[in-house]
Amino acid sequence: MTDTITPDVETSTPDDAASEPRTLTTHVEIRRVVVLVNPLSGSVGPRAAAEVAAILAEYPCEAEVVELVGDTMDAQINTALASAPDVLFVLAGDGTARAAASRAGPKGPLVAPLPGGTMNMLPKALYGTTDWKVALRNALEHGRSQCVSGGSVESQAFYCAGIFGSPALWAPAREAMRTGKLSLAWTYGRRALRRAFSGKIRVELDGGKARRSEALVLISPMISTAMDEPVGLEAAAMDPADAAQAFRLAAAALFSDWRQDPSVMTRPARRIRIKARSRIPAVLDGEPTLLPHDTTVTFIAKAFNALVPELHAPEPASAEGAV
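First things first, this report covers the structure right here in the doc. The shown structure was predicted, so the numbers you read here are calculated from the model rather than taken from an experiment.

**Structural notes on the packing of aromatic side chains**
Right, so step 1: Following the criterion strictly, the structure yields two aromatic pairs and no others.
Right, so step 2: Aromatic side chains phenylalanine 158 and phenylalanine 164 sit 6.5 Å apart centroid to centroid with 65° between the ring planes, which places their arrangement in the edge-to-face category. Neither phenylalanine 158 nor phenylalanine 164 differs from the other in exposure class; each is buried.
Right, so step 3: Here tyrosine 159 and phenylalanine 304 contribute two aromatic rings whose centre-to-centre distance is 4.9 Å and whose plane-to-plane angle is 75°, an arrangement assigned as edge-to-face. Highlighted residues: tyrosine 159 in the loop between β7 (156-158) and β8 (161-165) and phenylalanine 304 in strand β17 (residues 294-309), separated in sequence by 145 residues.

Here's what the structure looks like:
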């Protein structure tokens, strides 16, 4: 069953009522807002929908809060988009945020993926915070339209980075370790060992000569520190000498400056073909997946339009998680 909460003045607390009225951004017109909330997602919780409704009640716009429910999530996303809101906020996991942005496309409403998942790569790149309440208020009060580029592979979109090859198996475990979630890191580590991927991948950039590599990282222009214009995905082919070096590069790939490593070759590309002897492990914006042994990644110059606070417009050099 779908729960929809329509905010009204009664949802505000006494402190809210006593505070000064909130104002919406002047950069875009926001008359109607829809917020999709998954209370079962990583950092959301059962009270999130009511908390969202209380916040939205402070702003002069029509708002609808929808709790996502199990197998109906896809239909709920489609219904929300069909209602043509000015902004679609998504407080859910990374996969749900990517799905909403992908379906909205460049002609759909503004999309604002709030940090409600585990890795939150896209929300952190757009808003620079893991506090969804701060991100929500900043977007409403200071937001502007920001075109987001990305990549697409096997009908899956990514907007920050994709890791392909054996190091992708360890990326979720590394992120869980970074955030202090040791039990989750152990689970991901055991899964990586069970799905061990051996052998190199072959990479062709824009139809060029194939190169054998241990791994490939594709980075969106939004967070790449190596590109000033969205001319393609930054392709970083990694060819470490041994497994230890491969793990070191995988651990550093998303959160440090690794381009000076002699085993890394980078260049922009719009069409990337990846081949291997078996299915290819990958991590797309923090979400692990398995791809066919012969797969192609394409660059999307205008993937969707995000509502981004002017005070934190994505800047490669300073965005948290920039690569």
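**Examining the packing of helix α3 (residues 73-82) against helix α4 (residues 94-104)**
Right, so step 1: In the contact formed by α3 and α4, the axes pass within 10 Å of each other and the chain directions differ by 40°. It follows from the interaxial angle that α3 and α4 lie oblique. For the pair α3 and α4, the crossing hand works out as right-handed. Contacts between α3 and α4 pair Met73, Asp74, Ile77, Asn78 and Leu81 from the former with Thr96, Ala99, Ala100, Arg103 and Ala104 from the latter.
Right, so step 2: Tallied by class, the residues present in the contact of α3 with α4 amount to six nonpolar, two polar and two charged.

**Some points on the pattern of salt bridges**
Right, so step 1: Taken as a whole, this structure holds twelve salt bridges when the rule is applied.
Right, so step 2: Residue glutamate 58 is joined to arginine 137 by a salt bridge in which the shortest nitrogen-to-oxygen separation is 3.0 Å. Taken together, the residues glutamate 58 in the loop between α2 (48-56) and β3 (62-67) and arginine 137 in helix α6 (residues 132-142) connect sequence positions 79 residues apart. Taken individually, glutamate 58 and arginine 137 each receive the classification buried, so the pair is uniform in this respect.
Right, so step 3: Two residues, arginine 267 and aspartate 206, come together in a salt bridge whose shortest N-O distance is 3.3 Å. Here the residue arginine 267 occupies a position in strand β13 (residues 264-269), and aspartate 206 occupies one in the loop between β9 (201-205) and β10 (211-213), the gap between them amounting to 61 residues.
Right, so step 4: A residue is classified by how much of its surface remains accessible, and aspartate 206, at 40% relative accessible area, is partly exposed.
Right, so step 5: A cluster of three or more residues bridged by salt bridges with shared partners is formed by Arg22, Glu58, Arg137 and Glu141.

**Remarks on the side chain of glutamate 204**
Right, so step 1: Here glutamate 204 lies in strand β9.
Right, so step 2: Those residues within four positions of glutamate 204 in sequence are excluded, and the remaining contacts are Ala210, Arg271, Ile272, Arg273 and Lys275.

**Digging into the pairing of strand β16 (residues 287-291)**
Right, so step 1: Looking at chain direction, strand β15 (residues 280-284) and β16 are connected through five bridges and run antiparallel. What sits directly across from isoleucine 280, in β16, is leucine 291.
Right, so step 2: Counted between consecutive antiparallel strands, the loop separating β15 from β16 contains two residues, among which aspartate 285 sits at a positive phi close to 50°.

**Some details on the pairing of β8**
Right, so step 1: Summarising burial for β8: five of the five residues are buried, a large majority.
Right, so step 2: Bridge analysis of β8 against strand β11 (residues 215-219) gives five bridges, and the strand direction is antiparallel. Among the inter-strand pairings, phenylalanine 164 is bridged to a residue of β11, identified as leucine 216.
Right, so step 3: Relative to β15, β8 is paired through three bridges, and the arrangement is antiparallel. Its bridge partner being in β15, glycine 162 is matched across the sheet by leucine 284.

**Topic: the packing of α2 against α6**
Right, so step 1: Packing of α2 against α6 brings their axes to within 11 Å, and their N-to-C directions diverge by 30°. Between α2 and α6, the angle falls in the class roughly parallel. Considering only the axes of α2 and α6, their crossing is right-handed. In this structure, α2 uses Ala48, Glu51, Val52, Ile55 and Leu56 to contact α6, whose residues at the interface are Trp132, Lys133, Leu136, Arg137 and Leu140.
Right, so step 2: In the contact of α2 with α6, the residues fall into seven nonpolar, no polar and three charged.

Conventions and cut-offs
Residues numbered from 1 in each chain as written. Predicted model: local features only at pLDDT ≥ 70, side-chain atom pairs only at ≥ 80, totals over all residues. Heavy atoms only, no water. Phe/Tyr/Trp six-rings, centres within 6.5 Å; stacked < 30°, edge-to-face > 60°. Buried < 20%, exposed > 50% of the residue type's maximum accessible area, 1.4 Å probe, protein only. Helix = DSSP H or I, 4+ residues; strand = E, 2+ residues; numbered from the N terminus. Axes fitted to C-alpha atoms, helices over the stretch in contact; angles between N-to-C directions. Parallel < 35°, antiparallel > 145°, perpendicular 65-115°, else oblique. Left-handed = near helix turned anticlockwise from the far one by under 90°. Contact = heavy atoms within 4.5 Å. Nonpolar A, V, L, I, M, F, W, Y, C, P; charged D, E, K, R; others polar. Salt bridge = Lys/Arg side-chain N within 4 Å of Asp/Glu carboxyl O. Pairing = 2+ DSSP bridges.

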